[in-house]
Structures are given as structure tokens and as C-alpha cells.
Amino acid sequence: MPTDLQTIRIFLASSAELKPDREAFEQFINRRNKEWSPRGVFLHLDIWEDLSAAMSPTRSQDEYNREIDRCDIFVVLFWTKVGRYTAEEFDRAHGRFKGDGGSAGAPTIFTYFKTTPARPSREETQSLWAFQDRLAELKHFPAEYDTADKLQLEFGLELDRLVSAGVIRLDRGSEVTDADRQHREHLAIRETYLDWLRRECDSVELLGLDLKESRNVGLGHVYVPAVTNADVKGNRKGVNLRKGPFLLLDNLGRSPLYVPGAAGSGKSTFCRWLALVVAEGRVPAHRQIAVDEEDFTETLPDTLVERLPLLVRLRDWASHGEFLAGGGRWTRAQLEASLAGWLDETRPGDLTGDAFAAELKAGRCLLILDGVDEVPESRGDDLPRRNLLTGLADALPAWRKAGNWLIVTSRPYGLDAEDQRRLGLPLAELAELPYPLMRLFVRRWFDAVDPANAVGKSDGLLMHLAQRDDLAEMRSNPMLLTALCVKYDEGRRLPQDFYALYDAVVRQVLYKRFNTENERDQARNRLSAIALGMHRGEAGAPRTTPEAEVTVEEVDRLLADLARHDWASESGAEEASAKRELLLSDSGLLLPRDNRRAAFYHLSFQEFLAAERLRKLPDTPESILATYAGSPAWRRTLRFLFCAIAERASPEKAIGAWRSLLPSFEPAALDANPAPALVLADGLEVAHAKGWRIDDFKAPLRVACEHAMHHLSPEPRAELWLTLGRLGLDDRPGVGLHPDGLPDIVWDVCEAGYFLYGEGCETRTLDTPFRIARYPVTHRQFQAFVDAGGYGQDEWWMGLAARPKAIPAGWSEPNAPRERVSWYEATAFCRWLDAQFKRAGMLPVGWRVSLPTEEQWERAARGTDGREYPWEGDYRSGHANINETSDNIGPSNLGRTSPVGLYPDGKAPSGTYDMAGGICEWCRNAYEKPELLADSGDLPRVMRGGSWAFNTQFCRTAFRSGVNPDGCDTVLGFRVCCTPTDL
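Residues numbered from 1 in each chain as written. Predicted model: local features only at pLDDT ≥ 70, side-chain atom pairs only at ≥ 80, totals over all residues. Heavy atoms only, no water.

## Points about the overall build of the protein chain
Then comes step 1: Scanning the protein chain for helices and strands turns up 34 helices and 26 strands.
Then comes step 2: Per-residue burial for the protein chain yields a buried fraction of 58% across its 983 residues.
Then comes step 3: Contacts in the protein chain between residues at least 24 apart in sequence constitute 73% of all its contacts with a sequence separation of at least 6.
Then comes step 4: Split by element, the accessible area of the protein chain, about 39,700 Å² in all, is 48% carbon and sulfur. (Helix = DSSP H or I, 4+ residues; strand = E, 2+ residues; numbered from the N terminus. Buried < 20%, exposed > 50% of the residue type's maximum accessible area, 1.4 Å probe, protein only. Contact = heavy atoms within 4.5 Å. Areas by Shrake-Rupley, 256 points an atom, 1.4 Å probe, with all protein chains shown as cover.)

Structure (C-alpha cells):
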């Protein structure tokens with residue numbers, strides 16, 4: 001806090017039952033701050049509710065003690081009981097008072113007992129009497145109050161006495177200039193907002209817990225660091241290839257970011273954590289279960305220190321239609337006016353539009369814009385989402401020039417490629433949880449909900465997850481992992497698939513909250529009706545995209561419509577309101593939000609329940625698909641619908657309905673809108689996983705993929721080919737296995753002779769021809785080595801300096817390149833493949849399989865003419881799987897690997913694919929001594945080609961980098977080479 005304000009720190013302690021009195025006390029302090037901050041005094045209020053039975057996980061006991069030791073005024077409230085921790089707080093403050101001899105450094109202590117009649121238990125009454133006796137012994141005389149107004153009056157008089165005594169030093173009004181007054185008011189508003197943000201963002205709603213059970217669980221109790229596979233360079237020099245995934249907070253410290261993520265990946269949770277961390281000025285330490293890996297230990301980046309974190313939940317902002325008007329061409333001024341107007345209307349933490357504008361002008365803002373996809377595309381004649389994005393594009397240059405920082409989050413469909421290009425923000429997609437963080441999350445979750453049995457339950461679930469490969473998607477997604485914890489906590493068993501998991505979790509949550517089966521069925525039916533209404537709107541007001549949050553009036557209308565009552569009638573309105581209040585208070589799935597609004601615990605539960613309601617309606621599945629399959633925002637809902645039909649009716653009915661989407665695989669339909677084809681692909685993946693017959697879809701899917709290869713943008717092209725791979729249908733030569741189970745390698749020949757090499761295009765000569773694989777080694781091909789026992793066979797590892805344990809790939813589609821492979825593992829694979837091919841007579845006599853030298857790799861990538869990229873000319877958008885947005889060279893950024901050979905326009909002169917982007921590829925050479933080709937030693941080895949996470953600089957054919965041979969990352973893979981034995 002700047003020094004021109006005298007800060008008086010007040011510590012308020014009380015038992016949980018006095019929450020209304022605490023809130024009234026806080027409002028009183030806010031009013032005093034409005035009066036006193038222009039006169040140079042700010043009252044900083046710290047409120048702790050009985051400290052619960054355990055300290056808040058983001059506040060250790062030492063931190064509580066430090067807050068008490070720092071306070072100038074200690075206030076404690078009692079009513080029917082004296083909790084253990086409240087008494088300890090008083091002892092701490094009183095001990096400091098006695099220790100300082102009542103000096104100016106000691107706190108002033110005020111104790112208040114509420115006299116309003118109550119019905120305490122005998123035990124509670126005894127604790128109260130015992131404490132009163134203790135106060136008498138200490139000759140500390142408490143005051144009494146009967147109402148919150150009386151408490152405010154009494155404490156207000158005490159503050160006035162401290163002013164008279166000179167302890168609180170108020171400037172005389174005549175001494176304060178208008179500029180001083182405005183500056184001090186702004187500082188007080190800032191501090192009040194930061195205090196509010198700390199409390200607001202540390203709260204957490206745990207699925208499966210009643211509100212009364214979760215009130216003392218803070219965000220820091222269950223939060224684990226958010227990670228991304230992107231390594232945004234920002235202001236850092238050089239390139240980091242030693243680890244991954246990377247901390248999202250570190251990336252944000254280097255550059256403002258656009259952070260897309262799938263449903264439940266943790267976008268909003270990270271935004272709240274970010275706001276809390278910046279408001280605190282540090283990363284709070286977990287009180288019990290610390291991060292046990294250095295790579296995942298967060299620290300607050302210097303670039304974010306002392307910023308004002310403006311947390312904007314965009315669905316809250318979008319709920320105020322008066323600030324959204326416009327036809328999709330906003331300017332910076334319009335966006336700033338909208339945000340300022342929203343702040344003045346809602347006053348989060350008493351922050352004002354003027355205070356925001358002042359911070360923005362000074363370059364001190366961290367704007368946290370969470371959930372672009374939850375802003376409606378249209379509302380009447382207005383285009384709210386387009387307004388937001390165009391306003392952002394116009395504002396960003398000026399905001400960044402002033403020094404402000406920014407993070408924008410969304411589900412991937414919230415911003416298209418052109419939106420990303422206009423914003424020019426580096427992309428850092430939220431990655432799935434790696435195993436260490438998944439393990440940490442499970443341990444922290446059970447420690448929060450059942451401390452006494454936390455170790456046994458967390459160990460049991462982790463063992464269960466390790467044995468269930470089919471749960472890979474669920475265990476790496478924070479929201480789905482929460483659902484797994486909830487379900488396991490119920491009976492220490494897990495359901496068998498994705499749809500069954502949601503069904504089981506909904507059943508379990510409602511079971512805890514409603515007494516009878518009939519009550520649970522009613523609640524579920526009402527929730528489903530609300531979910532579908534939020535998805536598609538009401539009669540006469542249809543929506544093009546689902547809303548994640550609606551007014552309670554809309555919820556009431558949906559409930560009245562479900563009951564076939566007239567919402568406009570008195571009885572209909574009262575009944576609907578009562579049902580809504582019951583769901584908001586008891587369901588655990590539909591939650592109250594600010595400004596009389598409601599939202600589901602997570603959008604994915606809304607999608608699940610909307611699908612459940614759709615299945616029960618008379619509309620045919622075919623008509624539902626015809627209406628909604630073209631909207632990307634409906635994709636997950638329709639996937640749930642496919643599962644619901646298959647589960648509740650029959651697989652044949654679900655497959656038959658999805659057959660109506662077969663025309664979407666045709667070229668003209670794909671060109672017009674690929675979204676329906678992706679909905680069909682989702683259904684086929686579910687059917688394939690269940691073992692259902694889908695033979696008549698295979699040929700059309702292949703045709704669609706072939707068309708997509710040359711006509712669709714990389715994103716839908718990759719999704720279709722990934723589906724083809726998951727279905728086991730990508731039978732292109734060079735991608736999978738031979739009938740005998742050996743990798744099917746297609747060799748492209750590079751002739752001997754001269755070629756241009758390196759950054760300086762020096763002339764070099766290859767004395768013998770060689771062959772190089774058309775594609776990087778795929779996941780299916782590497783798995784053949786694993787399945788053959790390659791990690792356990794000594795002959796493939798002889799002479800190597802290390803023998804790593806097998807670890808899972810980042811992505812497991814059979815036709816994707818195998819990544820997270822060290823140089824040692826790549827070398828062992830080559831030795832194994834060489835032996836198998838020789839045994840099968842698949843190699844020329846005197847030739848062997850190995851990694852390429854970097855000369856061979858570069859000759860294959862750029863031909864003989866020294867071209868900068870595998871194609872002629874400069875970088876061309878869409879020619880390689882790289883992060884085009886990081887240097888604003890194009891709109892594409894898949895944020896992961898793609899099926900091999902997906903970029904035909906990027907083919908090299910040798911005929912090889914994916915020599916730029918995709919994955920970085922190991923070479924035989926030592927990096928600092930490239931003449932060394934031996935397999936022994938642990939010197940860094942050469943990496944070539946760039947990856948999906950890097951920009952154009954690193955995917956140039958001449959670029960080389962060195963990585964330790966044990967490096968293992970989602971950007972590292974390899975391809976094989978075939979050469980004469982003497983090379």
C-alpha cells in the first residue's frame with residue numbers, strides 16, 4: 001500500500017454462526033473507508049470464520065498468526081459458544097498486548113458478546129461461561145450487543161475515540177486537495193477490491209459435497225498447477241527443450257496468452273487461482289500436501305507482481321445486455337466503456353469503472369477474460385461475442401503499449417482461426433494432467449473431503465486408475481477426475497465408460513441430497529428440462545448456441561412449462577420459484593450465481609442433462625441432428641445423446657439415427673461446414689469402442705478423410721484423420737504394421753552427390769545413397785517394439801548410457817507420431833527394427849536401420865538446392881503443423897501432434913512428409929561434436945525439424961538444436977533411416 005495512506009489493520013474473529021453480523025461489520029468498514037480514505041486513512045479488514053476445524057489450505061497456521069501479529073485492532077465476536085480456534089486467536093492477540101506492555105505496537109482489543117436469546121447446547125454454554133471467566137481473570141471487560149446495528153454503533157464510537165487519541169490520524173478536510181482525495185479514494189478502492197478478490201477466489205465448490213461441508217475448503221486445498229504443452233518464448237532468450245508439459249503460470253509470465261481448453265480442463269479454475277495469486281502477491285503454499293516435483297512448482301512471475309487482476313467471468317458480463325449492444329465492430333473505446341459500465345453496475349469488491357480505467361491507463365492491469373465461448377453469438381440484433389473480439393483486437397495494441405497484461409480463455413470453438421490471428425496472442429492450450437499432477441489432485445481432493453480416510457481412498461483410486469486404460473481421458477481432465485473421485489468415494493468402484501460415469505455421478509450427487517427415489521427422479525427431470533432450455537432457448541426466443549448461465553426468471557419459466565403451468569399466474573410463479581429454490585439449494589448441480597442468475601456446476605453436466613432431456617422428447621434423433629449438428633457448441637451434447645440412445649434404447653437405434661449424417665462426409669458438405677461430419681465421427685468412435693458394427697461407415701469416412709486432406713483447414717482435417725486412426729482404418733502404407741506385425745516403413749530414396757547444407761548453405765557431398773522413412777515412427781509402430789518386450793531385452797540397450805522406463809505417449813492415436821521418446825529409446829527401437837528386418841529379408845545386404853545423421857536428415861528435408869523449408873519459397877500457412885500464431889504468420893495452431901502425412905503441401909523434395917513441424921526428430925550426431933556418431937556416451941544429441949509447439953524459426957530445414965539424450969517430451973520423436981553398414 002502506498003505510504004500516503006495510514007493503514008489500520010483490523011482482525012475480526014468469530015464463530016461460524018455470526019456470519020450475518022460479520023457481513024454487516026464488513027459493510028460498515030467499507031462505509032467508513034469511503035469517508036476516511038480521502039482523509040488519508042484506510043481500514044484493512046481481515047476476517048476469519050472460526051478458522052474451521054483446520055486452517056484454510058491456502059493459509060497456514062503461521063500465516064494466521066502473522067495476520068494477528070500485524071493487526072492494529074483485534075475484534076472478536078461471541079454468541080452461543082467459543083470455538084477452540086477463536087479462543088486461541090484471542091490468546092495470541094492478548095499475549096502480544098501483554099508482551100508489548102500496552103505500548104503503541106500492541107493491538108487494541110475489543111470483545112463483543114451477542115445477547116440475543118439463542119438455544120445453545122450444554123457443551124456450547126459451558127465453553128461460553130469458561131471463556132467469560134477467563135476474561136474476568138485477565139481483567140478484560142467485554143461489551144455486549146443485540147443487533148448488528150448496535151455492534152456497528154459501538155465499534156464506530158471506539159474508532160472515533162482512537163481518532164481523538166491520535167492513534168488514527170485523519171487529515172482535516174481543508175488540508176486535502178481534490179487530487180489527493182481522488183488518489184486516496186482510488187487506492188482505497190483498489191485495496192478493498194483485492195481483499196474481496198482474495199476471499200472470493202479462495203472459495204471452492206466441490207462436486208459431491210454439501211455447501212455446509214465445503215464452506216471451509218479453499219481453492220488451494222485441491223488446486224494443482226495448470227500445465228500446457230506450449231512453451232511460449234515471450235521475452236526469454238533461447239529455446240527450452242528439456243522438459244514438458246510446462247507451467248501455464250510461467251508461460252503467462254513471459255507473454256499475454258490465449259488459453260483454449262476442452263470442457264473441464266481447468267480454464268476457470270486457473271483464472272481464479274491466477275487472480276488469487278496476484279492479489280496475494282505470492283503463490284500460497286499448501287499446508288499439507290506440497291507439489292513434489294520441481295518442474296511443477298509455481299512461483300509468481302515478476303511481470304505479474306503488483307498488478308490489479310480484473311477477473312471477468314464473461315458469462316457474468318454477458319448477462320447484462322445493456323453493455324453488449326453492437327453489430328460486431330466494436331472499438332477499444334466501446335469495449336472499455338462496456339467493462340467500466342459493467343463494473344459500475346455490479347461493483348465486484350466495490351471496484352468502480354473509474355478505478356479500472358485509471359489502472360488501465362497506468363498499465364497496471366492484468367485482465368482475466370474467462371470463457372469467450374460462454375458469450376452468446378447473438379442476442380436480438382446484437383452480436384455480443386463478435387463485439388468482444390473486435391473490441392479486443394482494437395484495444396490490445398494500446399493496452400500492451402501501456403504495459404497491461406492479458407489472458408483470454410475459451411473452449412476451442414469460441415475463437416476461430418481468424419479471430420486468433422486478429423488478436424495475435426500466443427496460444428497455450430491447457431494440457432491434460434500428467435501423472436504427477438493427477439496423483440497430487442487425487443490426494444488433495446480426498447484430504448479435503450475425508451481427511452481421516454484420505455490416504456486409503458486416494459491410494460485405492462490411484463491403483464484403480466492405473467489398471468484402467470479406458471479411463472485415460474477421464475483421469476487427465478480435472479473436472480472428470482473430480483467426478484471419478486466423487487464416484488469412487490461412494491463405493492470404491494468406477495463405472496465402465498464416459499456416459500456411464502456422468503450418469504453415475506449425477507445419481508450419486510442427487511442421492512446425497514434427496515431422501516426418496518421419487519424426489520431424486522423429479523429433481524433430475526427438472527434439471528434436464530432446465531439444461532435443455534439453457535441450450536436451445538424458450539418458445540419464441542430460440543438460441544443458436546447454448547447459454548451457460550441464465551436468469552432465475554428463465555429457470556422459473558422452464559419449470560412452469562415442464563409442469564404445464566402458466567408462469568404468469570400467481571400460483572404458477574410461486575410453484576416454479578419454490579422448485580427453483582430447492583434445486584439451487586439442494587441439487588449440488590445447479591448453483592446460484594450473482595445478479596439472480598443460475599448455472600450448472602460445469603457446462604458438461606448441462607450438456608449431459610440436455611441430452612437426457614432430448615432423448616425423452618418426441619422429436620426424432622434425425623430431426624435433432626438436422627437442427628443442431630452444424631453448431632460446434634452442440635457437439636458434446638450430441639455425443640451424449642448418441643450414448644443415451646444406445647444405452648436407453650439400443651445401439652442399433654443410435655447408429656441408425658447417426659446414419660442420417662452420412663451425407664456430411666460428402667465433399668460439398670464438408671466444404672460448406674465440417675461440423676456435422678465431426679458429430680458423426682464422434683458417434684463412430686463410441687460405437688467402435690463398444691464393438692458395435694459400423695462397417696458401412698468405413699468407406700465414406702475414408703472418402704471424407706481423403707477430401708479433407710486437400711480441401712479442409714488443418715483443424716477439422718486432423719480430427720477426421722484422428723478418428724480414422726482410432727477406428728483402426730488408417731491403412732496408408734508407412735503408417736501401421738505389416739501383416740506379420742512388423743512396422744510398415746515406406747522408404748524414400750536420396751541419391752549420393754552434392755547438396756547445400758546448414759545456415760550458410762555450404763556445399764557438401766554424400767558419397768553413398770540412403771533411404772529415409774516417409775513418415776516419423778507412429779504410435780502403432782513404436783508399440784510393436786513395446787509389445788515385443790523391447791524394453792526388457794538387453795541386446796537393444798547394450799552400450800547405451802541409460803535405459804529409461806517406458807512411459808505413456810502424450811497422445812495415443814495409432815496414426816499419430818510417437819512422442820515422449822528419448823534418444824536412447826529411439827536408438828534401441830532402431831536396433832530392434834534392424835534385427836527384425838534382417839531376419840525377414842527386408843533390408844538390402846550390407847545395409848542397416850538407424851537414426852539418420854543430421855546431414856542425411858537435412859538432405860532429405862531440403863533437397864539439393866538449399867531451400868529454407870521443405871517446399872520452395874517462404875513459410876506458407878497450412879504447410880506444417882506448427883504454432884503459426886506465435887509469430888502471427890498464420891491462424892493455425894493445433895496444440896498437439898497430428899496424424900502423420902497430414903500436410904501434403906509440405907512434402908519435401910525426397911518425398912518425405914512432416915520434415916517441418918509435427919515433432920522434433922532425433923539424429924545420431926552429438927550436438928557440440930557433430931562428427932561423433934557413436935551410440936555411447938551421454939552428450940546432447942541433435943534435434944531437427946521443429947514441432948507443433950514451435951514457430952517458423954525452429955521448423956526451418958537448417959535449424960539445429962541440442963537436447964540431452966534422456967530428454968523426453970511431447971515435442972520429441974524420430975524417424976528411421978536405412979544406410980550402408982559402414983556409415
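Further notes follow.
## Considering the packing of aromatic side chains
Then comes step 1: Under the defined criterion, the tally for this structure stands at 38 aromatic pairs.
Then comes step 2: Taking 5.9 Å as the distance between ring centres and 25° as the angle between the ring planes, the aromatic pair formed by Y502 and F608 counts as stacked. With Y502 in helix 20 (residues 498-513) and F608 in helix 24 (residues 603-616), this residue pair connects regions lying 106 residues apart in the sequence. Across this residue pair, the class does not change: Y502 and F608 are buried. (Phe/Tyr/Trp six-rings, centres within 6.5 Å; stacked < 30°, edge-to-face > 60°.)

## Here we look at the pairing of strand 4 (residues 108-114)
Then comes step 1: The buried fraction of strand 4 is high, at six of seven residues.
Then comes step 2: Pairing of strand 3 (residues 73-78) with strand 4 involves six bridges; the strand directions are parallel. What sits directly across from L77, in strand 4, is Y112.
Then comes step 3: Examined bridge by bridge, strand 4 and strand 5 (residues 143-145) share three bridges and lie parallel to one another. Bridged to Y112 within strand 5 is A143. (Pairing = 2+ DSSP bridges.)

## Some thoughts on helix 24
Then comes step 1: Compared with the 20 Å implied by 1.5 Å per residue over 14 residues, the 20 Å span of helix 24 between its first and last C-alpha is a close match.
Then comes step 2: Counting buried residues along helix 24, twelve of its 14 residues qualify, which places the element largely inside the surrounding structure.
Then comes step 3: Where helix 24 is concerned, the buried positions are L603, S604, F605, Q606, E607, F608, L609, A610, A611, E612, R613 and L614. (Expected span 1.5 Å × (residues − 1).)

## Structural notes on empty space enclosed by the protein
Then comes step 1: Scanning the model with the defined rule gives seven cavities of 30 Å³ or more in all.
Then comes step 2: Considered as a void within the structure, the largest cavity measures approximately 90 Å³ in volume.
Then comes step 3: Class assignment of the residues belonging to the lining of the largest cavity gives a composition of five nonpolar, two polar and five charged.
Then comes step 4: A volume near 60 Å³ is recorded for the second largest cavity.
Then comes step 5: Every residue along the wall of the second largest cavity is listed here: P817, N881, S898, P899, V900, G901, L902, Y903, D914, G918 and I919.
Then comes step 6: A class-by-class count of the residues in the lining of the second largest cavity yields six nonpolar, four polar and one charged. (1 Å grid on protein atoms, 1.4 Å probe; cavity = no way out; pocket = protein on both sides within 12 Å on 5 of 7 lines; lining within 4 Å. Points joined across faces, edges and corners; volume = space filled by probe spheres on them. Nonpolar A, V, L, I, M, F, W, Y, C, P; charged D, E, K, R; others polar.)

## Quick notes on the nonpolar core
Then comes step 1: Core analysis: the largest hydrophobic core is formed by 111 residues, its most contacted members being F446, L638, W658, F665 and L720.
Then comes step 2: Top contributing element to this core by residue count: helix 16 (residues 435-449), with nine residues.
Then comes step 3: The residues contacting W658, other than those within four sequence positions of it, are L625, L638, L641, F642, I645, V679, L680, G683 and F697.
Then comes step 4: Ranked by size, the runner-up nonpolar core spans 68 residues in total, among them W273, A275, L335 and I407. (Core = buried A, V, L, I, M, F, W, Y, C linked by side-chain atoms within 4.5 Å.)

## Observations regarding the sheet that holds strand 21 (residues 847-850)
Then comes step 1: Ordered by their spatial adjacency, four strands build an open sheet running 17-20-26-21, and the pairing between neighbours is antiparallel. With partners counted over all chains shown, the strands left at the sheet margins are strand 17 (747-750) and strand 21, one partner each. Across this sheet, the average inter-strand angle for adjacent strands is 30°, counted without regard to direction.
Then comes step 2: By the bridge criterion, two bridges tie strand 20 (residues 770-773) to strand 26 (residues 977-980) in an arrangement that is antiparallel. Bridge pairing in strand 26 places I772 opposite C977.
Then comes step 3: The sheet strands contacting helix 33 (residues 823-839) are strand 17 and strand 21, and the helix crosses strand 21 at an angle near 145°. (Axes fitted to C-alpha atoms, helices over the stretch in contact; angles between N-to-C directions.)

## Describing the pattern of salt bridges
Then comes step 1: This model, assessed by the stated rule, comprises 59 salt bridges.
Then comes step 2: Note that D160 is salt-bridged to R32, the shortest N-O span being 3.5 Å. Taken together, the residues span a long stretch of sequence, with D160 in helix 5 (residues 148-164) and R32 in helix 1 (residues 19-36) at a distance of 128 residues.
Then comes step 3: Classification of D160 as partly exposed rests on a relative accessible area of 34%.
Then comes step 4: Three or more residues joined by partner-sharing salt bridges are found here, namely D503, R507, R524, E612 and R648. (Salt bridge = Lys/Arg side-chain N within 4 Å of Asp/Glu carboxyl O.)

## A look at the environment of S410
Then comes step 1: Counting through the fold element by element, S410 comes out in strand 11 (residues 405-410).
Then comes step 2: Along the backbone, S410 and G261 are 149 residues apart, and their C-alpha atoms lie at a distance of 6.5 Å.
Then comes step 3: The contacts of S410, once residues within four sequence positions are left out, are Y258, V259, P260, G261, K267, V372, D373 and L415.

## Remarks on the state of the cysteines
Then comes step 1: This structure, assessed with the given rule, holds zero disulfides.
Then comes step 2: With no disulfide of its own, C977 lies 7.2 Å from the sulfur of C978, the closest cysteine sulfur.
Then comes step 3: Of the residues examined, C977 reaches a relative accessible area of 0% and is grouped as buried. (Disulfide = S-S within 2.5 Å.)

## Regarding a negative patch on the surface
Then comes step 1: A cluster of like negative charges, contributed by E322, D344, E345 and D354, occupies part of the molecular surface.
Then comes step 2: Locating E322 in the fold gives a position in the loop between helix 11 (314-318) and helix 12 (332-346). (Patch = residues over 30% accessible without salt bridge, like charges linked within 9 Å, V, L, I, M, F, W, Y side chains within 5 Å. Lys, Arg positive; Asp, Glu negative; His and termini not counted. Charge placed at Lys NZ, Arg CZ, Asp CG, Glu CD.)

## Examining the environment of S631
Then comes step 1: Topologically, S631 is positioned in the loop between helix 25 (621-628) and helix 26 (635-648).
Then comes step 2: Other than its neighbours up to four places away in sequence, S631 contacts T544 and T545.

## As for the sheet that holds strand 11
What links the strands of a sheet is backbone hydrogen bonding, and the strands pair in either a parallel or an antiparallel sense.
Then comes step 1: Taken together, four strands build an open sheet; the order of strands is 8-11-10-9 and the sheet is parallel. The open sheet terminates on both sides in strands that have one partner only, identified here as strand 8 (257-260) and strand 9 (308-313). The average angle at which neighbouring strand axes cross in this sheet is 15°, direction not considered.
Then comes step 2: Two strands pair when backbone bridges link them, and strand 10 (residues 365-370) and strand 11 are joined in this way by five bridges, in the parallel orientation. Looking at strand 11, one finds that L366 is bridged to W405.
Then comes step 3: Contacts between helix 13 (residues 353-362) and the sheet are confined to strand 9 and strand 10, with strand 10 contributing the most and set at about 115° to the helix.
Then comes step 4: This element, helix 14 (residues 384-402), spans strand 10 and strand 11 of the sheet and lies at about 150° to strand 11.

## Things to note about helix 34 (residues 854-862)
Then comes step 1: Of all nine residues making up helix 34, eight are buried, and the element is well covered by its neighbours.
Then comes step 2: When helix 34 is considered as a whole, its buried residues turn out to be E854, Q856, W857, E858, R859, A860, A861 and R862.

## Points about unusual backbone geometry
Then comes step 1: Positioned with a positive phi, E306 is a non-glycine residue whose angle comes to about 65°.
Then comes step 2: The backbone of D350 shows a phi angle near 65°, a positive value even though the residue is not glycine.
Then comes step 3: Turning to its location among the elements, D350 is positioned in the loop between helix 12 and helix 13.

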